[in-house]
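These are the residues of each chain, in order.
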Amino acid sequence: MRALLRRTDGPRAVPELEGLTLADPLTDRDFQLALWMLYELHYRGFDDVDPAAEWDPLLLLCRAGMERVFEEAVRALVAEEHGLEADQERGESAAERVVNALVRMTASEESSLAEHLELRADRDEFCHYLAQRAVYHLRESDPQSFVLPRIGGAAKVALAELQYDEYGSGRADRLHQALYADALESLGMPTDLEPYLARATGATLASVNLMSLFALNRRLRGAAMGHLAAFEATSSLPCGQILRGAQRLGLPEAVADYYDEHVEADAVHEQLAIRGICGPMVAEDPSLAADVVLGAAACLSVDGLAGRAMLEDWAAQRHETRAAG
């Protein structure tokens, strides 16, 4: 994909996507990395790629084909793990049904990954987790900003409020992206994104690409906000667990600072995203209700997939270590 993006000597040839068969697009690293690179053209791009490539029609055609494969896989996973329709009770409006559905979906969500980081992870596993999550957290909240011009009214105001917090509430040094970079730097880890791409698994990249899929396609703006609501609603408690894990391991204060910031902020953002963004957005346009629920379910399913993959990888490494000893 990098060679395709760099081409300046003639038309780019679009990779053949018809008949593309993958064992699992959600975990296929090559597929997800290629899609991530196409999405990155809309964020900060690459030093060795012409900025005009962002709107190259052949690259957009390539992206669209990959997105179809990705979206189909996401919808299939969600259909297997979650019901997509909010139950209607007592004559509730579409907005009330969606708010209630989001609350139910996220109320009992527990993180085995966060529990492991809190109680059992060693320093290497904790740093591996930080490296995997760096692909998102060094661009934290950027995907959702694409949705701001695509919604209106109270939902737009609430999303702008949430993003203002994510972007440091007026302080560049408190940007959540910057706080994460500070945590990495305190551990002697790189603070630029590229080194982490080489280590990111397919499932990790899928969890990041999912946000771009939803945010960069206007038709999926409801799913983008449903994803945001589920992400925020299932973040505060796990961040507290990860914070305690960092303290247990004696990691630098900058690591604790990042997670401590999110324990409080995400508890507030949960209500803001569910009741301030998703509810008003569906009240204004009830046709978005199903997509909001889809986005929340997709967040839980794909992030769960990435978390399980990380735990399985660590378990396999521990088994190999014991076998070698």
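Residues numbered from 1 in each chain as written. Predicted model: local features only at pLDDT ≥ 70, side-chain atom pairs only at ≥ 80, totals over all residues. Heavy atoms only, no water.

Colleague: Looking at this structure, how should I read the overall build of the protein chain?
Modeller: Counting its regular elements, the protein chain contains 15 helices and zero strands. For 325 residues, the compact-globule estimate of 2.2 N^0.38 gives 20 Å, and the protein chain sits close to it at 20 Å. In terms of overall dimensions, the protein chain has C-alpha extents of about 65 × 55 × 40 Å along its principal axes. For the protein chain, long-range pairs separated by at least 24 residues make up 80% of all intrachain contacts whose partners lie at least 6 apart in sequence. Measuring between centres, the 30 positive side-chain charges of the protein chain sit 2 Å from its 54 negative side-chain charges. (Helix = DSSP H or I, 4+ residues; strand = E, 2+ residues; numbered from the N terminus. Rg over C-alpha atoms; globule rule 2.2 N^0.38 Å. Contact = heavy atoms within 4.5 Å. Lys, Arg positive; Asp, Glu negative; His and termini not counted. Charge placed at Lys NZ, Arg CZ, Asp CG, Glu CD.)

Colleague: I keep staring at the side chain of S236 and nothing clicks. Help me out?
Modeller: Locating S236 in the fold gives a position in helix 13 (residues 236-248). By relative accessible area, which is 12% here, S236 ends up buried. Polar contacts involving the side chain of S236 include one to the main-chain carbonyl oxygen of V263, which spans 2.6 Å. Beyond its immediate chain neighbours, meaning those up to four positions away, S236 contacts H262, V263, D266 and A267. (Buried < 20%, exposed > 50% of the residue type's maximum accessible area, 1.4 Å probe, protein only. Polar contact = N/O pair within 3.5 Å; in protein donor to acceptor, adjacent residues only side chain to side chain.)

Colleague: Would you take a moment to explain the layout of surface pockets for this structure?
Modeller: By rolling a water-sized probe across the atoms, one finds the places where empty space is left. Of the pockets and cavities examined, the second largest pocket occupies roughly 270 Å³. G45, F46, R139, L193 and E194 are the residues nearest the centre of the second largest pocket, which is lined by 14 residues in total. Of all the secondary structure elements, the ones that give two or more residues to the lining of the second largest pocket are helix 2 (29-40) and helix 10 (194-197). Of the residues that constitute the lining of the second largest pocket, the class distribution is five nonpolar, two polar and seven charged. (1 Å grid on protein atoms, 1.4 Å probe; cavity = no way out; pocket = protein on both sides within 12 Å on 5 of 7 lines; lining within 4 Å. Points joined across faces, edges and corners; volume = space filled by probe spheres on them. Nonpolar A, V, L, I, M, F, W, Y, C, P; charged D, E, K, R; others polar.)

Colleague: Any chance you could explain helix 14 (residues 253-284) here in plain terms?
Modeller: The periodicity of an α-helix, 3.6 residues per turn, causes residues three or four positions apart to be oriented the same way. The end-to-end C-alpha distance of helix 14 is 44 Å, a good match for the 46 Å that 32 residues give at a rise of 1.5 Å each. Where helix 14 bends most, at A265, the angle is about 30 degrees. (Expected span 1.5 Å × (residues − 1). Bend = angle between axes of the 7 residues up to and from the residue.)

Colleague: Mind showing me how you'd approach the environment of V147 here?
Modeller: As for its placement among the helices and strands, V147 is situated in the loop between helix 7 (142-145) and helix 8 (153-166). For V147, a relative accessible area of 0% translates into the label buried. Along the primary structure V147 and A215 are separated by 68 residues, whereas in three dimensions their C-alpha atoms are 5.8 Å apart. Those residues in contact with V147 that lie beyond four places of it in its chain are L159, A215, R221, A224 and M225.

Colleague: Even after reading the chapter, I still don't get the pattern of salt bridges, so can you show me in this structure?
Modeller: A side chain with one charge can pair with a side chain of the opposite charge if their charged atoms come near. According to the stated counting rule, one finds twelve salt bridges in the structure shown. A salt bridge links E261 to R174, with the shortest nitrogen-to-oxygen separation between them at 3.1 Å. Of this pair, E261 sits in helix 14 while R174 is found in the loop between helix 8 and helix 9 (176-186), placing the two residues 87 residues apart along the sequence. (Salt bridge = Lys/Arg side-chain N within 4 Å of Asp/Glu carboxyl O.)

Colleague: Would you mind going over the packing of aromatic side chains with me for this structure?
Modeller: Aromatic ring pairs: the centre-centre distance and the angle between the two ring planes describe each pair. Evaluation of the coordinates by the stated rule reveals five aromatic pairs. An angle of 85 degrees between the planes, with centres 5.4 Å apart, marks the rings of Y43 and F146 as edge-to-face. Placement of Y43 in the loop between helix 2 and helix 3 (57-81) and of F146 in the loop between helix 7 and helix 8 is noted, with a sequence separation of 103 residues between them. Between the aromatic rings of Y258 and Y259, the centroid separation amounts to 4.9 Å while the plane-to-plane angle is 90 degrees, which identifies the pairing as edge-to-face. Among the aromatic residues, ring-to-ring pairing joins Y180, Y258 and Y259 into one connected group. (Phe/Tyr/Trp six-rings, centres within 6.5 Å; stacked < 30°, edge-to-face > 60°.)

Fair warning: the whole summary comes from geometry, so function is off the table for now.
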